[in-house]
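Examining the three-dimensional arrangement
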Amino acid sequence: MADSLPLEMLTYILSFLPLSDQKEASLVSRAWYCAAQNALRETNVRYNIPVSSASLSAIKSLGLRGISCISLTNLDGSPASHQVLQSVAYHLGPHLQSLCLGGGSPTEASFLALILGCPVLRTLDLSGCNSLFTSGTLLAQPETVQCVRKALSGLRDLKLAGLRDLTDLSFNHLSGCFPSLERLSLAYCHLTFELGPTWGSVSPQVSSPSQLSFHNLLQFIKERAGTLRALDLSGTGLPPEALQALGQVTGLKLEELNLHSCRDLSSEAVATLCRQQPGLTSLDLSGCSDLTDGALLAVSRGLHHLRHLSLKKLQRLTDAGCAALGALHELQSLDMAECCLVSGRELAQVLGSVRRAPPALTSLRLAFCSSLKDASVLSMIPALGPSLKVLDLSSCVALTNQTMQAICTYLIHLSVLRLAWCKELQDWGLLGLKEPSDEPVLNPQVLQFPQLRQLSLSLLPAFTDTGLVAVARGCPSLERLTLSHCSHLSDEGWAQAARLWPRLQHLNLSSCSQLTEQTLDTIGQACRQLRVLDIAMCPGINMAAVKHFQAQLPQVTCIQSRFVGGADLTLTL
């Protein structure tokens, strides 16, 4: 019946499935295969292609399917890499929209030949590709610039993170080829800041052939103010004066700004930015260690359309600052990991008061908030409701089974849950029982997360086989599972649990000291989609068992097996 549906309708239906289910659906029939490929293409799934002669046939196949988003790994200046780049340009180039070179080392000639063959490219990621900028001659020839500018006039997103050899001249040569840029990343590039009145000046300054200067970047921003919408200057050491100069550029209307680890920024500088750029919808201030509650107050007063806010590692932030979050009615994701003074009391009140109006919070990260207590979490969980998809409470060491029971009751639509090193959690909490002596009964508190894709329960000292089987029964859709340092897990538990996890792709069992090769056999038979396995520091597993497992599942691309059976080895295939 389903095969008789039009391809467009079948594609539309499959587009609602998770990625792993779309892959499974493609095996049903030829019609489903075609529909699944269309669905994957429409969701811009990124395909990671290792650079080797063995990938040439795959590149040709991807070209026939119209794949538009790829990442190339292990790229260098070898003839094999040159051949792969030629193949990508020929088979994928005409419809390629997103290209990442993954920190590789291509030659300038092969790189230019590649991008000239990609006329509809919208995203280009050259992060870490230092070989392109070492000589300083990339795109130095006017005729080459003219060709690249014509071919890539539609590029919108340029990532140049982590380039140690990027200079004013090479940046200008490259950015000049892309007149329609909307997003730029220079994260962790070495920017130089010369204090003085020249930042506010419109007079041009000679571009440096040896360094990347903030003055040159500011001139670029002034020229592109009408189109630039997103900037990532994380890890550049941006001082308050530079942030102020950036924010006051005439005509600049930023929507996204990432300032992760710009440790010199002050709360006053953030307040000024919020007045200058009130249209921001995404702001990352993680690791800006001098920021206080005043910064959060300024954000809440000035950025009323903010949807994504990251305040990770702000160790001077307190509950008083969290009270200001009530003004951010459009907030969808909040990251306050490692804010060790936040107890959650004010946050619970805020979430309870503003979450009644959509859009509701979809992601909440409070990992390493050591002051977080059950009372606060129990107050906020009912207010979070079915909209929440990601919850990270890792290393919130004071949380108990009460919190786990509340999560099981109210947050059944989660897709990612992290509870690593919540060391008070026990099996009976995962089973939904009020006391450890209770008999297991089916009630609304029993762990049931049918949509959960990722789960971390590492470093839970009281987690046993009973809890493992309960998790397997309640979370059948898991694709990523982390259980490292759970020393009470045994072969018997995995004999029951593994068959309930047919979708597992990434599994971490490192330092699970009771496991033997029997568990490897069980996983090999039951988890046929597995791609990555970590069994490092598992003394009961030997290298012979690892090799046998690899023979069972040849599609596993990486097995971390450090200090297994006395060996120190990682198998990457």
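Refer to the structure printed above.
These remarks concern the structure in this document. (Residues numbered from 1 in each chain as written. Predicted model: local features only at pLDDT ≥ 70, side-chain atom pairs only at ≥ 80, totals over all residues. Heavy atoms only, no water.)

Structural notes on the overall build of the protein
When helices and strands are counted, the protein shows 21 helices and 22 strands. The C-alpha radius of gyration of the protein comes to 26 Å, within 12% of the 25 Å expected for a compact globule of 573 residues. Principal axes of the C-alpha set define a box for the protein whose edges measure 80 × 60 × 55 Å. The 573 residues of the protein split such that 52% are buried. Within the protein, residue pairs in contact and separated by at least 24 positions form 76% of the contacts whose partners lie at least 6 positions apart. Per element, the accessible surface of the protein, about 24,300 Å² overall, is 55% carbon and sulfur. With 42 positive and 44 negative side-chain charges, the protein shows a separation of 6 Å between the mean positions of the two kinds. (Helix = DSSP H or I, 4+ residues; strand = E, 2+ residues; numbered from the N terminus. Rg over C-alpha atoms; globule rule 2.2 N^0.38 Å. Buried < 20%, exposed > 50% of the residue type's maximum accessible area, 1.4 Å probe, protein only. Contact = heavy atoms within 4.5 Å. Areas by Shrake-Rupley, 256 points an atom, 1.4 Å probe, with all protein chains shown as cover. Lys, Arg positive; Asp, Glu negative; His and termini not counted. Charge placed at Lys NZ, Arg CZ, Asp CG, Glu CD.)

Topic: the packing of helix H11 (residues 267–276) against helix H12 (residues 293–302)
At their nearest, the axes of H11 and H12 sit 8 Å apart, and the two run at 5 degrees to each other. Compared by their axis directions, H11 and H12 come out roughly parallel. Residues Ser267, Val270, Ala271 and Cys274 of H11 form the contact with H12, whose participating residues are Gly294, Ala295, Ala298, Val299 and Gly302. Each residue belonging to the contact of H11 with H12 can be placed in one class, and the counts come to 6 nonpolar, 3 polar and no charged. (Axes fitted to C-alpha atoms, helices over the stretch in contact; angles between N-to-C directions. Parallel < 35°, antiparallel > 145°, perpendicular 65-115°, else oblique. Nonpolar A, V, L, I, M, F, W, Y, C, P; charged D, E, K, R; others polar.)

Some remarks on the side chain of Ser394
Within the secondary structure, Ser394 is located in the loop between strand E15 (390–392) and helix H16 (401–410). Judged by its relative accessible area of 9%, Ser394 falls in the buried class. With residues up to four places along the chain from it excluded, the contact list for Ser394 reads Ala367, Phe368, Arg418, Leu419 and Ala420.

Considerations on the pattern of salt bridges
Evaluation of the coordinates by the stated rule reveals 9 salt bridges. Put simply, Asp157 and Lys159 hold a salt bridge, and the shortest N to O gap is 3.0 Å. Look at Asp157 and you get buried, because its relative accessible area is 11%. The class for Lys159 is partly exposed, based on a relative accessible area of 26%. A salt bridge links Arg164 to Asp165; the shortest N-O distance between them is 4.0 Å. For Arg164, a relative accessible area of 64% gives the class exposed. With a relative accessible area of 24%, Asp165 lands in the partly exposed category. Each member of the salt-bridge network shares a partner with another, and the members are Asp157, Lys159, Arg183 and Glu256. (Salt bridge = Lys/Arg side-chain N within 4 Å of Asp/Glu carboxyl O.)

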